[in-house]
Amino acid sequence: MDAKTRERYTEVLKKQLLPAMGCTEPVAVAYCAAIVRETLGAVPESLRVQVSPNIIKNAKSVVVPHTGGLKGIDAAAAAGIIAGDADRKLDVLSDTDPGQYSEIEAFAETGAVTVEPLESPVLFDMILTGETAEHRAVVQIMEKHTNLVYIEKDGEVLLDKRGEARSPDGESEQAGDGMTVAEILEYIREVPIEEIRTLIERQIDYNTAIAKEGLAGDYGANIGSVLLQSAGPDAPVKTRAKAMAAAGSDARMSGCEKPVIIVCGSGNQGITASLPIVEYAKAYGVDHERLLRAVALSDLMAIHLKSGIGTLSAFCGAVCAGCAAGAGIAYLLGGDDSLICHTFVNALGIVSGMICDGAKPSCAAKIAASVDTGILGYDMARNGQEFYSGEGIITKGIEGNIKNIGRLGRLGMEETDKEIMRIMFNQPSC
């Protein structure tokens, strides 16, 4: 692999593997709100929050960390206004003082915040408008969680990158654009380990810490704990792999104040792509360098698959990460390129179609199911079994299958996404 291509893949990992605290959609609202306050130079007297319906879907049922247990977009916006540090981006709420919780709650509940759906051709779009008696600020984030595209103060445009937010063909620019599985595998074999060591070790450390917290505490539906308790003291590695990933989500969806390392803009996906592989490395005594390469492989496979779907969709992102984790396990345990690819395609053939109906405690169970599918895909492949072209949406070649899943998630589930939101918000079907 030439140096330029290798650097491009390393840069993708650097841009993707970011720290975040809490569900990334409400936290992105908090980040945007913090910029509104920063632009105004004061706490606004009113804050209008316009967000695309998918953001509402993903923020409706999760606890916003560092708010004293508050849920929803109004809480996230209030937290960003009162306590957010915009320089921390998706870690915007990490320095909140508990003494500010009452102030956050008051701002959220006294009518200062109004939340409205935003009609936009972009699935991830938010416009926040804050006003004081003397000043007005408008801030917009589009396409990705920290992609700041517009700032206006008192009618003066301070930043306008809205024309750059979308690619010429009208689809969102994704970090995985231009990737191939062949290049990913070549990169994983050849990249000097010191080039990715810090990134991947941080991902493992952060995500392991929140998973342990999820197992130790009482969060959501406690899917991770249920899996381990059901299996007993000698739980097999397959169960431990599912339980650790689920436990991280258990904690995260219920307001745990520990950061995670995200992938594809999602903490749940960052957890799912990494922790199952860690458990397999422990069980099989795999050396540390191979573990780091296996997790990096899983991350890149998830990014590549998700790039065709987009930031938000009715297609559950845990599927992408669970299938990628299966490929990472295949590499970890010595599988060749063919076995890794067959693992990935097998998994896609099983679980594709799981819906995303917002961020909430059941995400942990969906993660467990997705990891289980990734492992089954690997078990099939190492026993010489695979799904063949023409069977459902499966086609010949791994890139063709990735393309099919992108089409399914981005286009095929577009109406499904709308119907999910109508159901969630008790609206009649069209």
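These notes cover the structure that comes with them. (Residues numbered from 1 in each chain as written. Predicted model: local features only at pLDDT ≥ 70, side-chain atom pairs only at ≥ 80, totals over all residues. Heavy atoms only, no water.)

Observations concerning the side chain of Ser225
Definition in use: Numbering of helices and strands starts at the N terminus; helices are DSSP runs of H or I of at least 4 residues and strands are runs of E of at least 2. Each residue is placed in one exposure class: buried if its accessible area under a 1.4 Å probe, protein chains only, is under 20% of its type's maximum, exposed if it is over 50%, and partly exposed if it falls in between. The criterion used for residue contact is that any of the two residues' heavy atoms lie within 4.5 Å.
Tracing the backbone shows Ser225 in helix α8 (residues 223-231). Residue class for Ser225 comes out buried when judged on its relative accessible area of 12%. If near-sequence neighbours (up to four positions away) are discounted, Ser225 is found in contact with Gly214 and Leu215.

So, helix α12 (residues 317-332)
Put simply, the test is: By this rule, a helix spans an expected 1.5 Å times one less than how many residues it contains.
Spanning 16 residues, α12 covers 23 Å between terminal C-alpha atoms, matching the ideal 22 Å at 1.5 Å per step. Of all the 16 residues making up α12, 16 are buried; the element is thus mostly covered by neighbouring parts of the structure. Trailing α12 by a residue or two, Gly334 shows a phi angle of about 95°, which is positive.

Quick notes on the packing of aromatic side chains
Spelled out, the test is: Stacked, edge-to-face and tilted labels apply to pairs of Phe, Tyr and Trp rings (six-membered ring for Trp) whose centres lie within 6.5 Å, assigned for plane angles under 30 degrees, over 60, and everything in between, in that order. Only Lys NZ and Arg CZ are tested; either one counts as a charge over a ring when it is within 6 Å of the ring centre and within 35 degrees of the ring normal.
Enumeration over the complete set of coordinates arrives at two aromatic pairs. Here the aromatic rings of Tyr280 and Tyr284 are separated by 6.1 Å at their centres, their planes lie at 5°, and the arrangement is stacked. Here the residue Tyr280 and the residue Tyr284 both occupy positions in helix α10 (residues 267-284), the gap between them amounting to four residues, near one helical turn. According to the relative accessible area criterion, Tyr280 is buried, its value standing at 5%. The ring of Tyr331 has Arg290 lying over it, and the distance from NZ or CZ to the ring centre is 4.1 Å.

Some words on the nonpolar core
Stated precisely, the cut-off is as follows: To qualify as a nonpolar core, a set must consist of buried Ala, Val, Leu, Ile, Met, Phe, Trp, Tyr and Cys residues joined through side-chain atoms within 4.5 Å.
Counting 130 residues, the largest nonpolar core has Val29, Met126, Leu300 and Phe344 as its most contacted members. Setting aside its immediate chain neighbours within four residues, Met126 contacts Ala28, Val29, Cys32, Gln50, Val51, Ile55, Leu118, Val139, Gln140 and Ile141. Among the nonpolar cores identified, the runner-up in size contains seven residues, and Leu118, Val122, Val149 and Tyr150 belong to it.

So, the pattern of salt bridges
Defined as follows: Each reported salt bridge corresponds to a side-chain nitrogen of Lys or Arg within 4 Å of a carboxyl oxygen of Asp or Glu.
If you walk through the whole model with that rule in mind, you get 21 salt bridges. Put simply, Arg88, Asp91 and Asp95 are held in one network by salt bridges that share partners.

What about the pairing of strand β2 (residues 46-51)?
The condition is simple: At least two DSSP bridges between two strands are required for those strands to pair.
Bridge count for β2 against strand β4 (residues 125-131) is six bridges, and the pairing is antiparallel. Bridge assignment links Val49 to a residue of β4, and that residue is Leu128.

Details of the sheet that holds β2
Basically, it comes down to this: Note on geometry: axes are lines fitted to C-alpha atoms, helical ones only across the stretch in contact, with angles between N-to-C directions running from 0 to 180 degrees.
Read from one edge to the other, the open sheet built from six strands follows the order β3-β2-β4-β5-β6-β7, with strand pairing classed as mixed. Edge positions in the sheet fall to β3 (113-117) and β7 (156-160), since each has one partner strand and no second. Geometrically, the sheet is characterised by an average inter-axis angle of 10° between neighbouring strands, direction not taken into account. With five bridges joining them, strand β5 (residues 136-142) and strand β6 (residues 148-153) adopt antiparallel strand pairing. Across the sheet, the residue bridging to Gln140 is Tyr150, located in β6. With respect to the sheet, helix α2 (residues 24-40) is in contact with β2, β4, β5, β6 and β7, its orientation differing from that of β5 by roughly 150°.

Quick look at the packing of helix α4 (residues 73-83) against helix α5 (residues 101-109)
Let me state the cut-off plainly: The cut-offs work like this: below 35 degrees is roughly parallel, past 145 is roughly antiparallel, 65 to 115 is roughly perpendicular, and the gaps in between are oblique. Helix crossings fall into two classes, left-handed where the near helix is turned counterclockwise from the far one by less than a right angle and right-handed where it is turned clockwise.
The geometry of α4 relative to α5 is characterised by a closest axis approach of 8 Å and an angle of 125° between their N-to-C directions. When the axes of α4 and α5 are compared, the pair comes out oblique. Crossing hand, α4 versus α5: right-handed. The segment α4 lies against α5, with Asp74, Ala75, Ala78, Ala79, Ile81, Ile82 and Ala83 engaging Glu103, Ile104, Phe107 and Ala108.

Let's talk about the side chain of Ser266
Keep this limit in mind: Polar contacts here mean pairs of N or O atoms no more than 3.5 Å apart (in protein, one a potential hydrogen donor and the other a potential acceptor; neighbouring residues in sequence count only if both atoms are side-chain atoms).
Assignment of secondary structure puts Ser266 in the loop between β8 (260-261) and α10. Of note is the side chain of Ser266, whose polar atom sits 3.0 Å from the backbone nitrogen of Gln269.

Description of α10
Every α-helical turn comprises 3.6 residues, leaving residues that sit three or four positions apart pointing alike. For α10, which comprises 18 residues, the first-to-last C-alpha distance of 26 Å matches the rise-based estimate of 26 Å (1.5 Å per residue) to within 8%. Here α10 lies mainly inside the structure; 15 of its 18 residues are buried. At the N-terminal boundary of α10, the capping side chain belongs to Ser266, with an oxygen 3.3 Å from the backbone nitrogen of Asn268. Residue Gly285 follows α10 closely and has a positive phi angle near 65°.

As for the environment of Phe315
Mapped onto the secondary structure, Phe315 falls in the loop between α11 (288-307) and α12. On the accessibility criterion, Phe315 (2% relative accessible area) is buried. Between the C-alpha atom of Phe315 and that of Leu408, which follows or precedes it by 93 residues, the distance is 8.1 Å. What Phe315 contacts, discounting residues up to four positions off in sequence, is Ile309, Cys320, Ser352, Gly353, Met354, Cys356, Ile405, Leu408, Gly409 and Met413.

Details of the pairing of β5
Burial runs high along β5: six of the seven residues are buried. Counting the residues that bridge the hairpin from β5 to β6 gives five residues, and of these Glu143 lies at a positive phi of roughly 75°.

Topic: unusual backbone geometry
Most peptide bonds are trans, and most residues other than glycine sit at a negative phi. Within the chain, Lys89 stands out as a residue other than glycine whose phi angle is a positive 55°. You can see Lys89 is positioned in the loop between α4 and α5. Overall, Lys89 belongs to the partly exposed group, its relative accessible area being 44%.

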